[in-house]
Every structure is written in structure tokens, then in C-alpha cells.
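Now for the letters of each chain:
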Amino acid sequence: MFYIGCHLSCAKGYLPMAKDAEKIGATTFQFFTRNPRGGNARALDENDIAAFLKKKEELGIGTLVAHAPYTLNACSADEAVRDFAWRTMRDDLQRLEHTPGNLYNFHPGSHVKQGTETGIRLISEMLNGILTPELSTTVLLETMAGKGSEVGGRFEELREILDRVELSEKMGVCLDTCHVWDGGYDIVKDLDGVLSEFDRVVGLHRLKAVHLNDSLNVCGAKKDRHAKIGEGQIGLEALVRVINHPALKHLPFCLETPNELDGYAREIELLKSRRV
Ligand code: FE
Ligand code: FE
Ligand code: ZN
């Protein structure tokens, strides 16, 4: 099975996302747990969730990826921002238990002049403060482009966070192709090399999802500007090697390319046609 989908709007609830997924031929998808710029989440509607779970089953939709808001920064220098991060993640994880067994991806954070070491400590403290053995969701650290003071631009930083989390079995990693490329990992010339580096540092068993994006910038640019599939510096052929790689092909692939639904439908169709 090829689990390919894209980022969908959750503004109207769960069932409308499943309908959008059906419309564009997606077999998985990602959604924000709340407004990506922060704020409160919409109230959960039990009927909507029940209808969604039924539809998801019918369509054979695989594991879903919920994405935390961008404003969640566990390693901010500002205590109020860190407090927002804790409250938001705790609330998101509780809500996600209504759709159990999926993935929750978040940006590790930006340490804003406090240093990577402090950043890593604050991020793992939050995870240790929030994760409980009962959770059915796997929490994913996203690989970052290393823009500004972002933590998670190097595989070593992700490994250090994972090492400090007590309930380590609740944790995984989501690999974003635009981010790793911008971070200096050359997935065009040497995908095998990058994946064996990932395996050596983090462990491929930790990899639970892929964000499939092209990049506007060159390898190592640390910019994080996504491009449509085949319209960036990574290019279609390299991304086709990603979706077909034996170490990755079982994972859910989510497009976060600058598209509306019709554009996503075309990219999904294109990638399906290149899946071997
Ligand atoms: Fe992200
Ligand atoms: Fe991403
Ligand atoms: Zn990005």
C-alpha cells in the first residue's frame, strides 16, 4: 500500500477531511490540531469523529499525522511561551485519544540565543512532563532546516532529545525532505548516505512519517521554503527515489507543497504513477 496524502484543513472538522482525502485520491493526510498560529482548538464533536472513523475505514486511509501549531516552542526564553507549549501539547494529545493510534508531529523549537544544549534540555523536559504510558499517539520530532536558532537541524540533536525522554517508546521522527535538504543533507546525490547517517545517529526504527516537499533553495541553505514537487532544487526524480526507497516506502508521505486541493490531487496522481 502506498500511503500518500497532503496537508488538509481541519477548519470544518474531521469528516470533511476524509471527504477531501477521497476527492484527491489521498490514502493518508496531515492536519493542524488547531490554528497553526496558536489559540484554542475547536470543540470536538463526537458525531463528526464517529462518522470520520467509519469513512476512514471505508477508504482504507492509513495512519494520520496531526501537526502541532508553529507557535508551540518548548525552548523559548519566554516562560509564558513555554507554558503555552506545555498546555497545548497536553491538550492536543488528550484530544487525539479520540482518534487513537495516530502520529503527532511538532517542531522541536527555537532556542533563541539560549544555545542548543539548553534548547534540548527544555524540549525533553516538556516531553517528560507530558507523556504518559496510556497515550496511544506516537509523538514525532520533525527534522528541521536549521533556520535561525531552530533545534533539530542536525540528526544528533534529535538523538539527544530522544535519549533524554523517559517514555522513549512513545517517540519517533518525521523526516521533512525540504528541511533535511536545506539543513545540508544531500538527498539528491546521496539518499542512501543520508539514510544510513540517519540510521547510525537516530535509528531508522524511529522514522514514522515523511513530509514530501521540494525546496526553493540549494542544499544547506537553511531557509525552509517549500516548493511544488518537481519545481524546486530537489526535483522530481530525487523525490521519486524517496517514495520508492526500501527503508521508507511503508511510511505515510504527506505533501506540504504550496497547493490548493486540485494541485495536491495532481501531485498525488503523479507520485502514484511513479511508485514502483
Ligand atoms: Fe512542520
Ligand atoms: Fe514539514
Ligand atoms: Zn517547512
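Calculation rules
Residues numbered from 1 in each chain as written. Chains lettered and ligands numbered in written order. Predicted model: local features only at pLDDT ≥ 70, side-chain atom pairs only at ≥ 80, totals over all residues. Heavy atoms only, no water. Donors = N, O, S within 2.8 Å, 3.2 Å for Na, K, Ca; no water. Buried < 20%, exposed > 50% of the residue type's maximum accessible area, 1.4 Å probe, protein only. Salt bridge = Lys/Arg side-chain N within 4 Å of Asp/Glu carboxyl O. Helix = DSSP H or I, 4+ residues; strand = E, 2+ residues; numbered from the N terminus.

1. Description of the coordination of the zinc ion (ligand 3)
- Taken together, His179 (NE2), Asp224 (OD) and His226 (NE2) make up the full set of protein donors to the zinc ion (ligand 3), lying 2.0 to 2.3 Å away.
- Along the chain, the residues that donate to the zinc ion (ligand 3) are spaced as H-x44-D-x1-H.
- A separation of 5.4 Å is found between the zinc ion (ligand 3) and the iron ion (ligand 1).
- The buried category is assigned to aspartate 224, whose relative accessible area is 16%.
- A residue is classified by how much of its surface remains accessible, and histidine 226, at 21% relative accessible area, is partly exposed.

2. Looking at the pattern of salt bridges
- Throughout the structure, instances matching the rule amount to 13 salt bridges.
- Among the ionic pairs, glutamate 58 bridges to lysine 54, the shortest N-O distance being 4.0 Å. Here lysine 54 and glutamate 58 lie together in helix H2 (residues 46-59), a separation of four residues that amounts to about one turn. Of the two residues, glutamate 58 and lysine 54, neither departs from the other in class, the shared state being exposed.
- One salt-bridge network, in which partners are shared between bridges, spans Arg34, Asp91 and Asp92.

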